[in-house]
Each structure stands twice: as structure tokens, then as C-alpha cells.
Amino acid sequence: MNLRDEEEHAESLVTLLKYLRDVKKYTCITQVTFGNEHEYNYPDMYPAAIRRLEKEGMRDDYVLWGIETNRGMERNLPYVDTVDVFTVHVYWPIKFEEEINQYYRMLGKHASRTGKKGRVWLSEFALGGNDTYQHGLFVAEALIGSANAGAYAIGGWRLCDQHLPDPIRMYDGRDKANHGLHEWGTWRWVPWMQRPRDVYYSMSLMTRYIPRHSKVLGVRLRSLRSAFGSGAQARREARGSKRRQAVKAGDGLQAACFRKNQDYTLVVLNPTDEQRSLSVSFKNAVNRSFRRHLYSRTTLPEDDYDTVIPSDAKFEGKVFADSLPARSLAVYTTLPELLQVELTPQVRRVKPGEQVRFSARVLGLVGNRPKITWSVDGGCLLYTSDAADELDGV
């Protein structure tokens, strides 16, 4: 196919969509993107594809993306009157809220001429590929800043490392430099995949406790230090003050709040090198208990676990106070705790006739202690108990 021939491109696009929909019977395709991180723009390609989709009666079946660029949102401007959403990729530390707001201002200025308001998607940011603890805080900052700025959707690249045996070639034959092990995942490639990278423990809290299609609530941050002084006395005054905002916090904290039905999730990031205190209040009564899940250097699992960090504190009422360690992330949520059971010891093999005593404990603050049921699979069933928290196996 000639990449410069917009009519040929439109023909191939419609043919592919019809094949996937009518022959393969896929019902999950709702979005269409024309390419990834374009080296060049093809301003005639989009109108031609849309004309063909309209002719086939397919235009309203799909959300059409602008160019997925990591070279500046201004490259989307030629398509303001054409596409449904505008997308950007970020792989370096930025002030996400300012960046996304800048894109909205840029696009809104042009979209207002047509009466259409575009949506901005952070369709890629560096989810994995970084072994440092700090990268888990970067992911949180990306989510908080983008959500508060009004980003309609946020997606990270990628879940697992990938091995590419051959170089990826550009259209002009140049090597894309992604050959070999493509290390962008939250999980490493085998044989190092037993334990995910630290960023997994941050990311999994947010993906677990921020439901899809949640509403982003407004959060106002105000310094405890400037409003009430500092120390324990300041925290007591903050809890009793009538000047409460949604979140009153030590300098440097970042926060975003989400609601889905009657459940709330508040994400608070402390990227500073000092412990910070905060006081949380909601404008309207919540009447729910909040559990805190803390991503910090002391709460990461010590072994090769891919668990979601369990809760470690519980708060009642629409007003509560807390203190966050330096460089940490707290997720406060009313959603039910993910039920996780830790089994010890981690025995991988035993000799015939050897006895092993297993014990189990439920992780997190789950309220009433759940009943643990034991069973042994793989061969003959040796023992099952509905009551005990320990199991003797032979």
C-alpha cells in the first residue's frame, strides 16, 4: 500500500474493519487510531478515511483518535475538525496537570471555531521498564495530574517485557532500536519475572481501587503549615477548623479524588523528602469507612509476591487526619478490600513421607476474619478443613 495515497489507505481501513466485524465477529473494537507516533503527518489521510466510513454507514460506530504523538500536541491541530479525541505520549518527567491543561487550552482555542470540544487522552506514558522505587511515584503523579486536568482516559506502556528477536525496521529501513529485550513492562522477562518491578505495587493500587468510568471530583489542597502553623497543635486545629477544604496537607502533596456510585477513592502522593501531615474532609457526608493502602519503602513485599498492597489503617467519618512518610503514595478507599491469603512456608517440593506444617493469614484490615478452607490438589486429596488455620500434610 502506498502510504501517501489517502484513498488507498481509506479502502484498506474499511476493508479491515469489515473483516474484523463481519467475518471474525469481533464486538470489542470501538476505537480506531491511524498510526503510532507518526514521523510525519498525513493531513489528507484522516478526511479520506472519514468520508469512506460515512459512505459505508460506519462513522458513528467508532471513536477516531488523532495522531498518537510524543512530539507535541500541536501536531493534532490539523485534525481538530476531524477526529473525536486527541492523544499524546509522555515518557519523561513533566508537570502532568499543566501539560494536559495546556493541550486543552490549545485545542479549545481552535475547536471553539467549529463548536466542537475535543477530549485529550494520555494514551501512553512510561508504566514500566524502570526498576527504581521512584518510578512508582512517577506513575502516581501522571494519574493525579492528568485526572485533575480533565484527561478523559489514561493508558500506560506496558504490562510485561517483550522479547523481539528481530530489529523493528522503519519504513526507510532504519533500526528502531527496539530489537532484543524490550524492557518497558511492570513485569520482567523470564527468568526474572517472579517478582514484578516496584512500579507494579503502585500501579496495582490505582487500577484496583479506581473503578472504570469513575467521576473525578474536585480537590483543593491547602498547606497545614501556612494555614495552621506546624506540628501536632496544627493538626488538632486543622481537624477542628471550620475552614476545612477537601484536603489540607503539608507542602508539596498532590491529590485526586474519584467516585463511582457510592464509593470514593482518594489518591494522595507525597513526593517530598519529608513526612507530611494531612487532614481530609468531604463537602458532603460520605458515611463510609476508608481503608488506607500505602506504597512506601517499608510496605513493599519482601518476597516474590505480586499481591496488591493490603490496607494498614482505617478511618471513619467524612473528616480524618493522617501522616504520610517521605516519598510515598496513599490510596484511601471505601471499596471492599481485595481478599488475599498468605501461605507459609513457600515449599516447592517435599520428599515422600516428609511432613510440612502450613499456616495461612488473611492480609489487610478485612473486618470479620474470613474462614479459611484448606485443600490439597494434585494427586490424592490428603486433608481438608473448614475450621483450622493450620494444615499438616504428609
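Look above for the structure.
Overview of the structure.

Thresholds applied
- Residues numbered from 1 in each chain as written.
- Predicted model: local features only at pLDDT ≥ 70, side-chain atom pairs only at ≥ 80, totals over all residues.
- Heavy atoms only, no water.
- Helix = DSSP H or I, 4+ residues; strand = E, 2+ residues; numbered from the N terminus.
- Buried < 20%, exposed > 50% of the residue type's maximum accessible area, 1.4 Å probe, protein only.
- Salt bridge = Lys/Arg side-chain N within 4 Å of Asp/Glu carboxyl O.
- Core = buried A, V, L, I, M, F, W, Y, C linked by side-chain atoms within 4.5 Å.
- Axes fitted to C-alpha atoms, helices over the stretch in contact; angles between N-to-C directions.
- Parallel < 35°, antiparallel > 145°, perpendicular 65-115°, else oblique.
- Left-handed = near helix turned anticlockwise from the far one by under 90°.
- Contact = heavy atoms within 4.5 Å.
- Nonpolar A, V, L, I, M, F, W, Y, C, P; charged D, E, K, R; others polar.
- Pairing = 2+ DSSP bridges.
- Phe/Tyr/Trp six-rings, centres within 6.5 Å; stacked < 30°, edge-to-face > 60°.

Details of the environment of D60
For D60, the location among the structural elements is in the loop between α2 (45-55) and β2 (63-64). What makes D60 exposed here is its relative accessible area of 77%. With 30 residues separating them in the primary sequence, D60 and T30 have C-alpha atoms 9.8 Å apart.

Considerations on the pattern of salt bridges
Following the criterion strictly, the structure yields 17 salt bridges and no others. A salt bridge links E56 to K18; the shortest N-O distance between them is 2.8 Å. Here E56 is found in the loop between α2 and β2, whereas its partner K18 is found in helix α1 (residues 6-23), with 38 residues between them in sequence. When its relative accessible area of 28% is taken as the criterion, E56 is described as partly exposed. Of the charged contacts, one joins R197 and D161 as a salt bridge, the two residues approaching to 3.0 Å between their closest N and O atoms. You can see R197 sitting in the loop between β7 (180-182) and α5 (199-209) and its partner D161 sitting in the loop between β5 (153-154) and β6 (162-164), a full 36 residues away along the chain. Taking relative accessible area as the criterion, D161 reaches 5% and is therefore assigned buried.

Let's talk about the nonpolar core
The biggest cluster of nonpolar side chains holds 65 residues, and the ones touching the most others in it are M206, V267, Y295 and L329. Of all hydrophobic cores here, the second largest spans 19 residues; its members include L253, F282, F290 and F315.

With respect to the packing of helix α4 (residues 134-149) against α5
Between α4 and α5, the least distance of the axes is 7 Å, while the angle of their chain directions is 30 degrees. As the angle between them shows, α4 and α5 are arranged roughly parallel. Here α4 runs over α5; the crossing is right-handed. Counted together, H135, G136, V139, A140 and L143 of α4 and V199, S202 and M206 of α5 form the full contact between these two elements. Its residues assigned to classes, the contact of α4 with α5 shows 5 nonpolar, 3 polar and no charged.

Things to note about the sheet that holds strand β11 (residues 254-260)
In spatial order, the strands read β8-β11-β12-β17-β14-β15; together these 6 strands make up an open sheet with antiparallel pairing. Each having just a single partner strand, β8 (215-217) and β15 (313-315) make up the two edges of the open sheet. Mean inter-strand twist for the sheet, computed between neighbouring axes without regard to direction, equals 25 degrees. Across 5 bridges, the pairing between strand β14 (residues 290-295) and strand β17 (residues 328-333) is antiparallel. Following the sheet pairing, R292 is matched in β17 by Y332.

So, the packing of aromatic side chains
Aromatic ring pairs: the centre-centre distance and the angle between the two ring planes describe each pair. Inspection of the entire model under this criterion finds 12 aromatic pairs. For the ring pair F315 and Y332, a centre distance of 5.8 Å and an interplane angle of 65 degrees mean the geometry is edge-to-face. Here F315 is found in strand β15, whereas its partner Y332 is found in strand β17, with 17 residues between them in sequence. The class of Y332 is buried, set by a relative accessible area of 0%. Each ring, one from F320 and one from Y332, has its centre 5.4 Å from the other, and the planes form 50 degrees; the classification is tilted. Note that F320 is positioned in strand β16 (residues 319-324) and Y332 in strand β17, a separation of 12 residues in sequence. Residue F320 is classed as buried on the basis of its relative accessible area of 5%. Each residue in the set Y264, F282, F290, F315, F320 and Y332 is aromatic and connected to the rest through ring pairs, giving one cluster.

Considering the packing of α1 against α2
As a packed pair, α1 and α2 sit with axes 8 Å apart at the nearest point and diverge in direction by 45 degrees. The angle between the axes of α1 and α2 places the two elements in the oblique class. Relative to α2, α1 is oriented so that their crossing is right-handed. Across the interface between the two elements, E6, E7, H9, A10, E11, L13, V14 and L17 of α1 pack against M45, A48, A49, R51, R52 and L53 of α2. Residues belonging to the contact of α1 with α2 are distributed by class as follows: 8 nonpolar, 1 polar and 5 charged.

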